[in-house]
Amino acid sequence: LLAGAQALRMGPDGLLYVVSEENDRILRFDADSLEFLDVWLEDARLAKPTALAFDPDGAACIGSYAGDRVLRYADGELSVFLEDPALDGIDAGMAFGPDGHLWVPAFGGHAVLVVDPATAEVVRRITTLASPRMLLWTPEEDAVLIGAWAGDAVHRLARRPGATPELLFARARPSGLAWLPDGRLLTISDTGGPIHAVDLSGPEPVAERLAEDERLA
């Protein structure tokens, strides 16, 4: 049923959507009990889907890792939203930013594309990252954190004109980023290595190891 879990997203209906890469499906679960509800979408055109983001109107943008394009699913219809030579291996961190644009990490393209959802125009290309996977905005929405898998690092990109990604801290193959209730940054590596909570409030990041399990690989 679930083969190769990728992006997990809360939908506009309050349900949890889980992208299943290896069988071209998107599943729905109850967000509280995690009970499986149904296969929301199954289509070979998804071509190893990894990413999912809902726009303000409730339409779904779906990143196809093997198809190297972003699809749009609305009103029961699946269509191509964006194709670009840089979209080599769209990864799970694709999301709408506080600027209203769709941010698309391309693992094989070593780039993040920023896309105007109204026109599907690429308004910015960030091309200095080694296999970006995950994106996470700061609580203040003044910067985006980017996990660069091949670079073994988490970068910070300030939300100001002309800003470029700056190294925040080293982390082996970062594949998950999330904010903890205490304000620390949760980081996950897909090597089966440890889960860390990183305190970013001081002059230097301070990491605490929370767990380590080979099943996280």
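> Give a description of the overall build of the chain that names residues and reports values.
The helix and strand inventory of the chain stands at 0 helices and 20 strands. For a compact globule of 217 residues, the expected C-alpha radius of gyration is about 17 Å, and the chain comes in at 17 Å, within 12% of that figure. Referenced to the eigenvectors of the C-alpha coordinate spread, the extents of the chain come out at roughly 50 × 40 × 30 Å. When each of the 217 residues of the chain is scored for burial, the buried share is 48%. Put simply, 31% of the contacts in the chain that link residues at least 6 apart link residues at least 24 apart. Accessible surface, the chain: about 10,400 Å² in total, of which carbon and sulfur atoms supply 49%. Averaged over its 18 positive side-chain charges, the chain has a centre that lies 3 Å from the centre of its 35 negative ones.

> Got a sec to walk through the nonpolar core? Specific residues and values, please.
Within the largest apolar cluster, 23 residues are counted, with the highest numbers of intra-cluster contacts made by Ile-26, Leu-52, Ile-62, Leu-177 and Leu-185. At the level of secondary structure, the elements contributing two or more residues to this core comprise strand 2 (16–20), strand 5 (49–54), strand 6 (60–64), strand 7 (69–74) and strand 13 (132–137). For Leu-177, the residues in contact, after removing those within four places along its chain, are Met-134, Leu-136, Leu-145, Ile-146, Gly-147, Val-154, Leu-185, Leu-186 and Thr-187. Listed in part, the 17 residues of the second largest apolar core include Ile-90, Leu-113, Val-115 and Val-122.

> Describe the sheet that holds strand 13, listing the residues and the values that go with them.
Read from one edge to the other, the open sheet built from 4 strands follows the order 13-14-15-16, with strand pairing classed as antiparallel. The open sheet is flanked by strand 13 and strand 16 (166–170), the only strands paired with a single partner. In this sheet, adjacent strand axes meet at a mean angle of 25 degrees when their direction is disregarded. Bridge analysis of strand 15 (residues 153–158) against strand 16 gives 4 bridges, and the strand direction is antiparallel. Its bridge partner lying in strand 16, Ala-153 is registered against Ala-170.

> Describe the environment of Gly-100, with residues and values.
Along the chain, Gly-100 turns up in the loop between strand 9 (95–96) and strand 10 (102–106). For Gly-100, a relative accessible area of 37% puts it in the partly exposed group.

> So what about the sheet that holds strand 17 (residues 174–179)? Which residues, and what values?
An order of 17-18-19-20 is seen for the 4 strands of this open sheet, with the pairing classed as antiparallel. Each edge of the sheet is formed by a strand with only one pairing partner; in this case those strands are strand 17 and strand 20 (206–212). If you compare each strand with its neighbour and ignore which way they point, the axes differ by 25 degrees on average. Across 6 bridges, strand 19 (residues 194–199) lies against strand 20 in antiparallel orientation. Its bridge partner being in strand 20, His-196 is matched across the sheet by Arg-209.

The rules we used
Residues numbered from 1 in each chain as written. Predicted model: local features only at pLDDT ≥ 70, side-chain atom pairs only at ≥ 80, totals over all residues. Heavy atoms only, no water. Helix = DSSP H or I, 4+ residues; strand = E, 2+ residues; numbered from the N terminus. Rg over C-alpha atoms; globule rule 2.2 N^0.38 Å. Buried < 20%, exposed > 50% of the residue type's maximum accessible area, 1.4 Å probe, protein only. Contact = heavy atoms within 4.5 Å. Areas by Shrake-Rupley, 256 points an atom, 1.4 Å probe, with all protein chains shown as cover. Lys, Arg positive; Asp, Glu negative; His and termini not counted. Charge placed at Lys NZ, Arg CZ, Asp CG, Glu CD. Core = buried A, V, L, I, M, F, W, Y, C linked by side-chain atoms within 4.5 Å. Pairing = 2+ DSSP bridges. Axes fitted to C-alpha atoms, helices over the stretch in contact; angles between N-to-C directions.

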